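What the coordinates show
These are the residues of each chain, in order.
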There are 2 protein chains.
Amino acid sequence: MRTMLVTGGNGFLGSRFIHELLTKYPAYQIVAIDHEAEDVPELLRPLLACKRYAFHRVDIRNNEAVEQVFEQYDISEVAHFAAKTHVGESMRNPGIFAETNVLGTFHVLDAARKHWMNGPFEPKPAYSGSRFLHISTDQVYGPRAEGFADETFKYDPISPYAASKASSDLMVSGFHESYGMDTVILQATNVFGPHQQNDKLIPIIMKKALSGSTIPVYSGGEDVHDWLYIDDFWRAADAVFHLGNAGETYLAAGTALKTIEIVERLCQTLDRHFPGNDSYLSRIRFVEPADGAKAPHRFAVSADKLHQQLEFTPETDVERGIQETVDWMLSKKRIWEVV
Amino acid sequence: MRTMLVTGGNGFLGSRFIHELLTKYPAYQIVAIDHEAEDVPELLRPLLACKRYAFHRVDIRNNEAVEQVFEQYDISEVAHFAAKTHVGESMRNPGIFAETNVLGTFHVLDAARKHWMNGPFEPKPAYSGSRFLHISTDQVYGPRAEGFADETFKYDPISPYAASKASSDLMVSGFHESYGMDTVILQATNVFGPHQQNDKLIPIIMKKALSGSTIPVYSGGEDVHDWLYIDDFWRAADAVFHLGNAGETYLAAGTALKTIEIVERLCQTLDRHFPGNDSYLSRIRFVEPADGAKAPHRFAVSADKLHQQLEFTPETDVERGIQETVDWMLSKKRIWEVV
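Residues numbered from 1 in each chain as written. Chains lettered and ligands numbered in written order. Predicted model: local features only at pLDDT ≥ 70, side-chain atom pairs only at ≥ 80, totals over all residues. Heavy atoms only, no water.

Per an unreviewed UniProt entry, chain A goes by GDP-mannose 4,6-dehydratase and derives from Planococcus maritimus.

With that settled, consider the overall build of chain A. Within chain A one finds 11 helices and 14 strands. On C-alpha atoms alone, chain A measures out to a radius of gyration of 20 Å, which is about the 20 Å that the 2.2 N^0.38 rule sets for 339 residues. Projected onto its principal axes, the C-alpha coordinates of chain A cover approximately 70 × 45 × 40 Å. In chain A, which comprises 339 residues, the share counted as buried stands at 54%. Contacts in chain A between residues at least 24 apart in sequence constitute 79% of all its contacts with a sequence separation of at least 6. For chain A, the accessible surface area stands at approximately 14100 Å², while carbon and sulfur atoms represent 48% of it. For chain A, the separation between the mean place of its 33 positive charges and that of its 46 negative charges on side chains is 4 Å. (Helix = DSSP H or I, 4+ residues; strand = E, 2+ residues; numbered from the N terminus. Rg over C-alpha atoms; globule rule 2.2 N^0.38 Å. Buried < 20%, exposed > 50% of the residue type's maximum accessible area, 1.4 Å probe, protein only. Contact = heavy atoms within 4.5 Å. Areas by Shrake-Rupley, 256 points an atom, 1.4 Å probe, with all protein chains shown as cover. Lys, Arg positive; Asp, Glu negative; His and termini not counted. Charge placed at Lys NZ, Arg CZ, Asp CG, Glu CD.)

As enumerated under the stated definition, the model contains 1 cavity of 30 Å³ or more in all. By volume, the largest cavity is sized at about 40 Å³. Lining the largest cavity, in full, are P94, F97, A98, P160, A163 and S164 of chain A together with F106, M171 and F175 of chain B. Elements with a contribution of two residues or more to the lining of the largest cavity: α4 (94–116) and α5 (160–179) of chain A together with α5 (160–179) of chain B. For the lining of the largest cavity, the class distribution of residues is 8 nonpolar, 1 polar and no charged. (1 Å grid on protein atoms, 1.4 Å probe; cavity = no way out; pocket = protein on both sides within 12 Å on 5 of 7 lines; lining within 4 Å. Points joined across faces, edges and corners; volume = space filled by probe spheres on them. Nonpolar A, V, L, I, M, F, W, Y, C, P; charged D, E, K, R; others polar.)

Further remarks concern the relation of the copies chain A and chain B. Of the transformation placing chain A onto chain B, the axial shift is 0.0 Å and the rotation is 180°, giving an RMSD of 0.0 Å. Such values leave the two copies arranged in the relation of a two-fold axis. Here 100% of the interface residues in chain A have copies in chain B that are interface residues too; the copies meet face to matching face. (Least-squares fit on C-alpha atoms with pLDDT ≥ 70 in both.)

Here we take up the packing of aromatic side chains. Each pair of aromatic rings is reported with the distance of its centres and the angle of its planes. Here the structure, examined in full by the defined rule, presents 24 aromatic pairs over all chains. Measuring from ring centre to ring centre gives 5.7 Å for Y25 of chain A and Y28 of chain A, while their planes differ by 85°; the resulting arrangement is edge-to-face. The exposure class of Y28 of chain A is buried, given its relative accessible area of 10%. Judged by centre distance (6.5 Å) and plane angle (65°), the ring pair of Y28 of chain B and F241 of chain B falls under edge-to-face. (Phe/Tyr/Trp six-rings, centres within 6.5 Å; stacked < 30°, edge-to-face > 60°.)

For the rest of this paragraph, the subject is the sheet that holds strand β11 (residues 224–229) of chain B. All names here are of chain B. Read across the open sheet, the 3 strands follow the order β9-β11-β13; overall the sheet is mixed. With one partner strand each, in any of the chains shown, β9 (190–192) and β13 (255–258) form the two edges of the open sheet. Looking at each pair of strands side by side, their axes are set apart by 45° on average, direction ignored. In the sheet, β11 pairs with β13 via 4 bridges, with the strands oriented antiparallel. Each residue of the ladder has a partner; that of D226, found in β13, is A256. (Pairing = 2+ DSSP bridges. Axes fitted to C-alpha atoms, helices over the stretch in contact; angles between N-to-C directions.)

Note on interface size: it is often stated as the accessible area lost on association of the parts. Residues and elements named next belong to chain A. Once the domains are mapped, chain A shows domain 1 (2–192 + 226–256) and domain 2 (201–225 + 257–338). For domain 1 and domain 2, the distance between their C-alpha centroids amounts to 26 Å. Interface area, domain 1 with domain 2, both sides summed: about 3000 Å², of which 62% is carbon and sulfur. Joining domain 1 to domain 2, the criterion identifies 2 salt bridges. (Domains from an automatic or database assignment. Buried area = accessible area lost by both parts, 1.4 Å probe. Salt bridge = Lys/Arg side-chain N within 4 Å of Asp/Glu carboxyl O.)

Under the counting rule described, the total for this entry stands at 36 salt bridges over all chains. One salt bridge connects D182 of chain A with R131 of chain A, and the closest N-O pair in it is separated by 2.7 Å. Placement of the pair is D182 of chain A in the loop between α5 and β8 (183–188) and R131 of chain A in the loop between β6 (122–123) and β7 (132–137), with a sequence separation of 51 residues. With relative accessibility at 8%, the residue R131 of chain A sits in the buried group. Close ionic contact of D59 of chain B with R61 of chain B constitutes a salt bridge, the shortest N to O distance being 2.8 Å. Classification of D59 of chain B as partly exposed rests on a relative accessible area of 24%.

To continue, consider the packing of helix α2 (residues 63–73) of chain B against helix α4 (residues 94–116) of chain B. Residues and elements named next belong to chain B. With their axes 9 Å apart at the nearest point, α2 and α4 run at an angle of 40° to one another. It follows from the interaxial angle that α2 and α4 lie oblique. In this structure, the crossing between α2 and α4 has a hand that is right-handed. Across the interface between the two elements, N63, V66, E67, F70 and E71 from α2 touch H107, V108, A111, A112, K114, H115 and W116 from α4. Its residues assigned to classes, the contact of α2 with α4 shows 6 nonpolar, 3 polar and 3 charged. (Parallel < 35°, antiparallel > 145°, perpendicular 65-115°, else oblique. Left-handed = near helix turned anticlockwise from the far one by under 90°.)

Residue and element names in this part refer to chain B. Contact geometry of helix α6 (residues 201–210) with helix α8 (residues 259–273) gives a least axis separation of 10 Å together with a crossing angle of 50°. Relative to α8, α6 is oriented oblique. Relative to α8, the crossing made by α6 is right-handed. Across from L201, I202, I205, M206, A209 and L210 in α6, the residues of α8 making contact are T259, I262, V263, L266 and L270. Broken down by class, the residue content of the contact of α6 with α8 amounts to 10 nonpolar, 1 polar and no charged.

Shown next as C-alpha cells:
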C-alpha cells in the first residue's frame with residue numbers, strides 16, 4: 001500500500017483525482033489536505049467512511065503542519081494541486097498567490113525531500129520509487145499572436161497568478177535537478193466540467209443567461225483559451241503520474257476556442273433546454289472592462305509531447321463536454337442555487 | 001531629489017552600488033536596508049554621516065517592515081540586491097532561499113506597486129518614472145555543454161539558489177506584464193573584486209595557500225564560470241538602471257574561465273608577492289567531494305544584448321581584476337584576518 005498526499009484535495013481537480021485514483025488503483029490510500037474543510041465536495045462525500053481516505057485541514061503556507069502530515073502518515077507519493085487560481089483575484093491581491101503557490105509549493109516539496117531523501121541524489125531505500133506530481137497551467141507561457149507554445153518555451157507570465165505558477169514550476173524542476181527527486185509537472189489548460197467552481201466562465205454565463213440579464217462578453221469575445229474536459233484532465237494526470245519521465249514537464253490540452261464560441265455554444269444548449277421567445281444569443285453584449293479595453297489574448301499550446309511520449313489523446317469532444325457540464329448543473333438543480 | 005531603496009545594501013554588490021551611485025549622481029538619496037546591521041562595509045563607513053544616505057535594519061521577509069520604509073521615505077526607485085547567494089548553503093537549507101529570494105523579492109515588489117500605482121497600468125503621477133532594478137544571476141539558465149545562453153533561453157536552474165533566483169526573476173517580469181510597472185533585471189555572472197565576501201573562491205584559495213595547507217580543487221578544476229569584475233558590475237548596473245528598456249532582462253558577463261585557471265592565476269600572483277621554495281602551484285590537489293565526484297559544469301552566457309542595446313563592454317581584464325583583488329586583500333591586511 002502506497003500512501004499519497006493530495007494537496008488541495010477539496011478543489012475541482014484534486015477531488016476528481018482522488019475519486020478516480022481510489023477507484024482505479026486499490027493499492028493506494030490517500031491523505032487529502034485543503035485549507036478549507038467546509039463544503040466537502042460531492043465526489044468525496046461517499047469516501048468519508050472509507051479507510052483508504054483521510055482528510056486534514058492544513059494550509060500549505062504552514063510548513064510545520066505539512067511536515068507533520070508526512071510524518072503521521074508516512075507519505076510516499078505526492079499529487080500537489082493546492083493553489084490559488086483566479087487570475088482576477090491575483091491582480092487585486094498577489095500576496096496570497098506568492099505565499100500559497102510559491103512558498104506553499106516549496107513547503108510541500110521540502111517536506112517530501114526531508115521525508116524521502118538522505119541527501120542529494122540519495123533517496124532513503126523505502127522511498128526510492130516516490131514521485132512528486134505538480135499540477136500547473138499553460139498560462140506560464142503567456143499569450144502569443146500565433147503558433148503554439150510547447151514545453152521547451154520560455155516562461156512568460158502576464159498575471160501574478162501565472163507568475164506564481166511559473167515560479168512554483170521552477171521550484172519543482174529545481175528540486176529534481178538539485179536533489180535528484182522524482183518530480184513530474186502537468187501543465188493543464190482551462191479545465192471544465194461537472195463539479196467545477198461557480199466563479200468560472202461557464203457557471204457565470206449560465207447564471208447570467210437564466211436569470212434574465214444580459215450576458216457581458218469582454219474583448220469582443222476574441223480571447224482564445226484551450227479547454228480541457230475534466231475526464232481528460234484526470235486521464236492526463238494519471239498518465240503523467242504513472243508513466244511520465246522523472247524531471248519532465250507535460251502540457252495537456254483539449255480544444256482552443258474563442259470565448260465567444262464557448263458563450264454561443266452555451267446559449268444554444270440553453271435554447272434547447274429552456275427555449276424562450278428569443279434565443280439566449282440575443283442577450284450577448286460586448287462590453288469593455290472598467291479599466292479600459294484590452295487587446296484580446298490568445299493562449300495556445302501544443303500537447304504533442306504528452307501524445308507522443310505517453311500516448312495521451314483527449315477523448316471528450318468539447319461539444320459533449322459542455323453538454324455534460326450543463327446537464328450536471330441542471331440535474332443537480334445547482335442552477336437554482338446560483339440564479 | 002529621487003529617493004532610492006537599496007535592499008541588501010551591506011552586501012558586496014549593494015554597498016559598491018551605493019558608493020558609486022551617490023558619487024556619480026548628486027540627485028539621488030539612498031535608503032539602504034539589510035538584514036544585518038553589524039559590520040558596516042568599509043565602503044559605506046564614510047557615508048554614515050552623509051545626509052543623502054540612511055540605513056535601516058530590515059529583513060525583506062518581513063513585508064510590513066518593507067512597506068513601512070516605502071512610506072517613511074517616500075521611495076521612488078528600487079535597486080533590489082538582497083538575496084541569499086551561497087549555492088552550497090542552498091542545498092543544505094533551501095527554505096531560507098525560498099523565503100528570502102522569492103517571497104522577499106515579492107514583498108519588495110508589492111510594496112513598490114502599492115506605493116507607486118493606482119491600479120494596473122496606472123502609476124500615480126509622482127511615480128510615473130519610478131523604476132525597479134532587480135539583481136539576478138546567470139545561474140538561472142543552468143549549465144550547458146557548449147554554446148552560450150542568452151536572455152531568450154529557458155530557465156533551467158540546477159540548485160535551490162538558482163531556482164529561487166529564477167522564480168524571483170519571473171515575479172519581477174510578471175509584475176511588469178501584469179501591472180505595467182517599470183522593471184529591469186540584471187543577470188550578472190560571478191562578480192569578484194575588492195571587498196568581496198570571505199566565503200567565495202578567491203579568498204578561500206588565498207587563505208589555503210597562505211596558511212601553508214594544500215589547495216583543494218574539485219571536479220579536476222574543469223568547472224567553468226564567467227568572472228565579472230566589480231567595477232564592471234557597477235557599470236552594467238548603472239547602464240541597465242538608467243538606460244535599460246522597461247520589462248527587459250540583461251545579462252552581464254566578463255571572462256569565462258575554468259576554476260583551475262583562476263586558481264593558477266592566484267598562485268602565480270602569490271608567487272610574486274610571497275615567493276617560497278616551491279610555487280604555490282605545487283600545493284594544488286584535485287579532490288572529490290564527500291558526496292561523490294560530479295561531472296564538471298560549464299556556465300557560459302552571452303552578454304551581446306547589453307553590448308548592442310546599451311553599449312556596455314567590460315573594461316577590466318581578468319588578470320588585472322585578480323591582481324586588484326589580491327592587492328586589496330594584502331593591503332588591508334585582511335589576509336591575516338582570514339589565515
